[in-house]
Amino acid sequence: MTAFSGTTHYAGVNWAAATRDESAKADLIRSLSYYSDDSYVNGVAYALGRIRAFDVVQSLLEKDFSDMNTLSEAIYMFWGLADIPLGGPGGDCRGDARRDCMHDKLHKTARRERWPHEQLQLAAELLDAVEPIPKTRQFFHFEDTWTPPKALPDMPDPLDKEAITVYLRRNVERCRQIIREGSAEDKFKILKVAWHAQVNLVDSELAVELLVDPDWMVRNAVLISSDGEELSFTPSQIGRWTLTGGYESTRRALVYITGHPKPEYAPIVTKVLFGGRHLFDEILFRAIIETDATECVDLLRSYLENEHFALRVNAAVTLIHLGVEAGESVLAELQPNLRCCSECMQSSYIQDALNAIE
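Residues numbered from 1 in each chain as written. Predicted model: local features only at pLDDT ≥ 70, side-chain atom pairs only at ≥ 80, totals over all residues. Heavy atoms only, no water.

Concerning the overall build of the protein chain
So, point 1. Broken down by element type, the protein chain carries 20 helices and zero strands.
So, point 2. Across the 358 residues that make up the protein chain, the buried fraction comes to 50%.
So, point 3. Counted over contacts in the protein chain with a minimum sequence separation of 6, partners at least 24 positions apart contribute 65%.
So, point 4. Total accessible area computed for the protein chain in this model is approximately 17,400 Å², and 49% of it derives from carbon and sulfur atoms. (Helix = DSSP H or I, 4+ residues; strand = E, 2+ residues; numbered from the N terminus. Buried < 20%, exposed > 50% of the residue type's maximum accessible area, 1.4 Å probe, protein only. Contact = heavy atoms within 4.5 Å. Areas by Shrake-Rupley, 256 points an atom, 1.4 Å probe, with all protein chains shown as cover.)

Here's the deal with the packing of aromatic side chains
So, point 1. A full pass over the atoms with the stated rule returns five aromatic pairs.
So, point 2. Seen in terms of ring centroids, Phe233 and Tyr256 are 5.2 Å apart; in terms of plane orientation they differ by 85°. Their pairing is edge-to-face. One end of the pair, Phe233, is in the loop between helix H12 (216-225) and helix H13 (235-244); the other, Tyr256, is in helix H14 (residues 247-259), with 23 residues separating them in the sequence. As far as burial versus exposure is concerned, Phe233 and Tyr256 are alike and both buried.
So, point 3. One aromatic cluster is present, formed by Phe233, Trp241 and Tyr256 through successive ring pairs. (Phe/Tyr/Trp six-rings, centres within 6.5 Å; stacked < 30°, edge-to-face > 60°.)

Regarding the nonpolar core
So, point 1. Formed by 79 residues in total, the largest nonpolar core has its most connected members in Leu168 and Ile288.
So, point 2. The element best represented in this core is helix H18 (residues 309-321), accounting for nine residues.
So, point 3. Ignoring any residue separated from it by four or fewer positions in sequence, one finds Leu168 in contact with Met155, Cys175, Val193, Ala194, Ala197, Val199 and Leu201.
So, point 4. Core analysis: the second largest hydrophobic core is formed by 38 residues, Ala24, Ala45, Ala47 and Val130 among them. (Core = buried A, V, L, I, M, F, W, Y, C linked by side-chain atoms within 4.5 Å.)

Here's the deal with unusual backbone geometry
So, point 1. Positive phi outside glycine occurs at Arg114, with the angle close to 55°.
So, point 2. The topology assignment puts Arg114 in the loop between helix H6 (98-113) and helix H7 (117-130).
So, point 3. Overall, the relative accessible area of 76% leaves Arg114 in the exposed class.
So, point 4. Residues other than glycine seldom take positive phi values, yet Gln198 does so here, at roughly 60°.
So, point 5. For Gln198, the position within the fold is in the loop between helix H10 (184-197) and helix H11 (204-211).

With respect to the pattern of salt bridges
So, point 1. What the rule picks out here adds up to 17 salt bridges.
So, point 2. Close ionic contact of Asp83 with Arg50 constitutes a salt bridge, the shortest N to O distance being 2.8 Å. Highlighted residues: Asp83 in the loop between helix H5 (68-81) and H6 and Arg50 in helix H3 (residues 38-51), separated in sequence by 33 residues.
So, point 3. Here Lys187 ties to Asp213 by a salt bridge, and the two come within 2.7 Å at their closest N and O atoms. One end of the pair, Lys187, is in helix H10; the other, Asp213, is in the loop between H11 and H12, with 26 residues separating them in the sequence.
So, point 4. We classify Lys187 as buried; its relative accessible area is 9%.
So, point 5. Through salt bridges with shared partners, a single ionic network connects Arg20, Arg50, Arg52, Asp83, Arg112 and Glu113. (Salt bridge = Lys/Arg side-chain N within 4 Å of Asp/Glu carboxyl O.)

Notes on H14
So, point 1. Helix length check: H14, at 13 residues, gives a terminal C-alpha distance of 19 Å against a target of 18 Å (1.5 Å per residue), a fit within 8%.
So, point 2. Within the sequence span of H14, burial applies to Ser249, Thr250, Ala253, Leu254, Tyr256, Ile257 and Thr258.
So, point 3. Here the buried face of H14 lies against H11, H12, H13, helix H15 (266-275), helix H16 (282-291) and helix H20 (347-357). (Expected span 1.5 Å × (residues − 1).)

Quick notes on the environment of Leu28
So, point 1. With respect to the helices and strands, the residue Leu28 is situated in helix H2 (residues 25-31).
So, point 2. Given a relative accessible area of 0%, Leu28 falls into the buried group.

Just distances and angles here, no functional claims.
See the structure below:
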């Protein structure tokens, strides 16, 4: 049983970061594959930085930093390496001098602890990878100075809503082609402008292409821009969204499936379970319940004996909802410790399962 499983993992991570106890390193690394909660994973990365887990830095540098989760993990690990206190973006390194401040803190820490050149080089590479951190491209607001997409230099200022609405409606196919084939920045900007003008440029087929786009802001933009315009996906499109994108794309697809369940989505959800990447994401288990994915039963049974508390709870609750008695005794056993389990399923699902066994 890992020291950071069950109900004490947040306290354990905070303790590891504060004390820099290297004996916690193995449990911290192990827990990265157990949990999907962003705040927890970021805390683990910060603690590993504080412990000076340079081998983890090396493996992190080999990942894709276009993924927001990876970028966030890297940022927190750097803050830990440089002993930058948590308390807002960049700790106490802010404004135009942010990068220089972080660079100075890193080198100050390295000198104090006499890091070998190889370790300092790794940490410097991590800083180069995360800085300059992409500026948050606020979706609901426009910059003071409007800069049109590079592929559409004639696009008018979106603050002139009448002009931009007319422009978009006259250039639907042109905009759609750029959304499909253009740069991530142009895709994002066009979707943002279209949302502002309330002009829908995206059908379900194009939406799926964007929902598996490597750029996380593009993926978010299509979800926001289509809000209020209900897209109707075919099972094939849902399968592509769920199974061909990255971790976060799959998670978003599971959220959609849970809110729009259909029996034909059950085989898709089953593939996600057997793939194993989302075992510690409770939305997967909700999707199994909502789609009545009974082909998951045998694998769920095997997780009842797993050492991970939340996985046992979620498997037991899911089995009960699927009408399988095997989960009842396990849920009853684990019930006293449910209150503080942040990775466990939504309370309504757990309560319904508990009601079923009373």
